[in-house]
Amino acid sequence: MTGNLRYDAGKARVGRWWYWPLAALLALSGCAGVATMPPATPSTAPATATMITPRAQFSMAGRFSAKGEREQASGQFRYTETPARRTLSLFSPLGTALAEVVAEGGVVTLTDANGGRQVATSVAELLRPMIDLPVQDAALSAWLQGLPAAGEQATAVERDVAGWPLRFRQSGWDIEIGARQADTGAPRRMRWSLPAQPEVEVRWVIDEWSAP
């Protein structure tokens, strides 16, 4: 992964609201409620830690903030995943619908607030004219759960006493989990950052989480 981001403002249909939330997707959604990450205390993980794997079905909702070299954005998001379908809905901080991305049957469709549609075979392909950030959909799913994705070695992994990752590095990104739900282990706060580009980061606050 190169870690380079390219943005062509003339190609964005919903302005900064489309660019940065979807950049988070491929990494892959603002407000004052997005908290600063407290320092995490690493510990030795139990033997059962390797058994913690990403779920194939879950839903979550909350708030995001993101920044890069030239743009900043914040808003609300809702993400739902099943084995057959993934849906990401993006909203302004006040809750106005901005865009929806649906991945189903090998096709990814983005519908913006004006009804414009674009179709591709993957999220990365759909957004490649704007963002050179080739992270697979499987990584998006795992990272949103605060877990490393399968298929690529995660490094600098630190875990809590229950075996949940506190932070890890994968595909050039540092994923930090600031807080988790006590009962499910689902993330409550996360920060995704690019060490190669310190100005690039995405913060998440998860207000709702459910899984079968």
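About the criteria used
- Residues numbered from 1 in each chain as written.
- Predicted model: local features only at pLDDT ≥ 70, side-chain atom pairs only at ≥ 80, totals over all residues.
- Heavy atoms only, no water.
- Helix = DSSP H or I, 4+ residues; strand = E, 2+ residues; numbered from the N terminus.
- Buried < 20%, exposed > 50% of the residue type's maximum accessible area, 1.4 Å probe, protein only.
- Areas by Shrake-Rupley, 256 points an atom, 1.4 Å probe, with all protein chains shown as cover.
- Phe/Tyr/Trp six-rings, centres within 6.5 Å; stacked < 30°, edge-to-face > 60°.
- Pairing = 2+ DSSP bridges.
- Axes fitted to C-alpha atoms, helices over the stretch in contact; angles between N-to-C directions.
- Contact = heavy atoms within 4.5 Å.
- Salt bridge = Lys/Arg side-chain N within 4 Å of Asp/Glu carboxyl O.
- pLDDT = per-residue confidence, 0-100.
- Polar contact = N/O pair within 3.5 Å; in protein donor to acceptor, adjacent residues only side chain to side chain.

Time to look at the overall build of the protein chain. The number of helices and strands found in the protein chain is 3 helices and 11 strands. Moving toward the C terminus, one meets the helices and strands of the protein chain in the order α-β-β-β-β-β-β-α-α-β-β-β-β-β. Expressed as a percentage of the 212 residues in the protein chain, the buried residues total 50%. A total accessible area of about 9,900 Å² is found for the protein chain, and carbon and sulfur atoms account for 50% of it.

So, on to the packing of aromatic side chains. Applying the stated rule across the entire model yields 5 aromatic pairs. Look at Trp143 and Trp192: their rings are 5.6 Å apart centre to centre, the planes differ by 80°, and that puts the pair in the edge-to-face class. Linking Trp143 in helix α3 (residues 137–144) with Trp192 in strand β10 (residues 187–194), this pair joins segments that are 49 residues apart in sequence. There is no split in this pair, since Trp143 and Trp192 are both buried. In this structure an aromatic cluster arises from ring pairing among Phe77, Trp143, Trp192 and Trp204.

Judged from the 6 bridges that link them, strand β2 (residues 72–81) and strand β3 (residues 85–91) form a sheet pairing that is antiparallel. For Phe77, the partnering residue across the bridge sits in β3 and is Leu90. Connecting β2 to the antiparallel partner β3 that follows it, the hairpin turn spans 3 residues. Judged from the 7 bridges that link them, β3 and strand β4 (residues 97–104) form a sheet pairing that is antiparallel.

Turning our eyes to something else, we now look at the sheet that holds strand β9 (residues 173–180). Sheet architecture is open: 11 strands sit in the order β6-β5-β4-β3-β2-β1-β11-β10-β9-β8-β7, paired in antiparallel fashion. Here the strands that pair on one side only, and so sit at the sheet edges, are β6 (117–120) and β7 (155–159). Strand after strand, the sheet turns through a mean of 15° between neighbouring axes, direction not considered. In this structure, strand β1 (residues 58–67) lies alongside strand β11 (residues 197–210), joined through 9 bridges in antiparallel fashion. What sits directly across from Ser65, in β11, is Arg203. Packed onto the sheet, α3 meets β1, β2, β3, β8 (165–170), β9, β10 and β11 and runs at close to 135° relative to β10.

Before going further, it helps to examine unusual backbone geometry. Of note, the phi angle at Ala156 is positive, near 50°, even though the residue is not glycine. With respect to the secondary-structure elements, Ala156 resides in strand β7. Residue Ala156 is classed as exposed on the basis of its relative accessible area, which comes to 53%.

Take the pattern of salt bridges next. Working definition: two side chains of opposite charge can pair if their charged atoms are close together. Under the defined criterion, the tally for this structure stands at 9 salt bridges. Measuring nitrogen to oxygen at the nearest pair gives 2.9 Å for the salt bridge that ties Glu201 to Arg203. For the pair Glu201 and Arg203, a shared accessibility class is recorded, and that class is buried. One salt-bridge network, held together by shared partners, links Glu176, Arg191, Glu201 and Arg203.

A separate point is the confidence of the model for the protein chain. This prediction gives the protein chain a mean pLDDT of 76; 70% of its residues lie at or above 70. For residues 1–50, every residue scores under 50 in pLDDT, and the model assigns this stretch 152 contacts once sequence neighbours within four places are set aside.

Below, the discussion takes up the side chain of Thr87. Within the secondary structure layout, Thr87 lies in strand β3. Engagement of the side chain of Thr87 in a polar contact is seen with the side chain of Arg85, the distance being 3.3 Å. Ignoring anything within four residues of it in the chain, the contact list for Thr87 reads Arg78, Tyr79, Thr80, Glu100, Val101 and Val102.

This paragraph deals with the environment of Ala196. Position of Ala196 among the secondary structure elements: in the loop between β10 and β11. Look at Ala196 and you get exposed, because its relative accessible area is 67%. Separated by 23 residues in the primary sequence, Ala196 and Trp173 place their C-alpha atoms 8.7 Å from one another.

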